[in-house]
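Per-entry structural report
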Amino acid sequence: MSTSQQLPTHHEGGPKPIKRKHSASYYVHRVRESLSTRISKILCGIFLTLLFIIGIAAFISWLSLRPHRPRIHISSFSIPGLDQSNGFENAEIRFNVTARNSNRAVGYYYNSVEAFAYYRDQAIGSTPLVDSFYQEPKNTTILYKVLKGATLDVNNDRWKEFRNDRALGTVVFRLDVTAMIRFKVSTWDSKHHRMHANCDVAVGRDGSILATSKNKRCPVYFT
């Protein structure tokens with residue numbers, strides 16, 4: 001047979017890949033791994049969700065139980081006889097202080113509540129307001145006092161200064177209220193904190209508090 005009559009020869013490109021067969025235990029192991037991964041993801045998701053819910057609940061509780069400072073106002077303040085040149089002989093200062101507890105779940109224990117009167121940053125009188133009391137949440141307490149006699153240090157020279165300011169239309173005083181306070185939340189009580197309320201108050205020619213000072217909120221801080 002001639003070369004031209006020979007049949008074409010087909011050459012393979014290479015050896016065929018060998019297909020590996022896995023045992024049943026291999027597939028069981030793969031299924032178990034897949035299930036374990038899914039369960040871990042589910043448990044992790046549940047844990048994070050619970051953690052988020054607990055965090056939100058704790059934040060809301062903190063907002064509701066976080067103690068707010070007492071709100072101190074001067075509702076009335078007067079110096080009778082300011083229009084009299086010799087009024088210092090029977091001088092007195094009358095005032096009402098309101099203490100407001102605006103908390104929903106926090107009470108206040110007040111101890112050693114005192115008031116101090118100042119004129120041009122010089123002390124002119126002081127007096128205890130009340131020894132102690134407990135103030136419920138969402139409650140307002142009114143404290144009334146009169147400074148006179150031994151509790152008020154006003155001489156003739158000081159009275160003249162009052163009247164000089166009166167001639168200009170306004171006499172400005174400062175009333176400081178101090179107290180030892182404890183916060184009460186359910187059965188828990190805080191340690192004592194010393195409260196200071198600084199109240200600037202102005203009276204007019206008749207010795208009565210001006211509208212600009214009446215029920216004005218006093219700055220409060222603790223030491």
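Scoring rules and cut-offs
Residues numbered from 1 in each chain as written. Predicted model: local features only at pLDDT ≥ 70, side-chain atom pairs only at ≥ 80, totals over all residues. Heavy atoms only, no water. UniProt positions renumbered as here; feature names shortened; annotations may be inferred. Helix = DSSP H or I, 4+ residues; strand = E, 2+ residues; numbered from the N terminus. Buried < 20%, exposed > 50% of the residue type's maximum accessible area, 1.4 Å probe, protein only. Contact = heavy atoms within 4.5 Å. Core = buried A, V, L, I, M, F, W, Y, C linked by side-chain atoms within 4.5 Å.

Looking at an unreviewed UniProt entry, the protein chain carries the name Late embryogenesis abundant protein LEA-2 subgroup domain-containing protein, with the source organism given as Salix udensis. According to the UniProt record, the Subcellular location (unreviewed entry) comment for the protein chain is "Membrane".

Quick look at the environment of N111
Positionally, N111 belongs in strand 3 (residues 106-119). Exposure remark for N111: the relative accessible area of 23% places this residue in the partly exposed category. Note: C-alpha distance between N111 and F133 (22 residues apart in sequence) is 6.8 Å. Residues within four places of N111 in sequence aside, it is in contact with D131, S132, A179, M180 and H192.

What about the nonpolar core?
Residues I72, F77, F95, F162 and F173 are the most contacted members of the largest nonpolar core, which totals 42 residues. Of all elements in the fold, only strand 1 (71-78), strand 2 (92-101), strand 3, strand 4 (122-135), strand 5 (139-148), helix 2 (156-167), strand 6 (171-185) and strand 8 (193-203) reach the threshold of two or more residues within this core. Counting residues per element, this core draws most heavily on strand 6, which supplies eight residues. Once residues lying within four places of it in the same chain are set aside, the contact partners of F162 are L82, Y119, I124, V154, V171 and F173.

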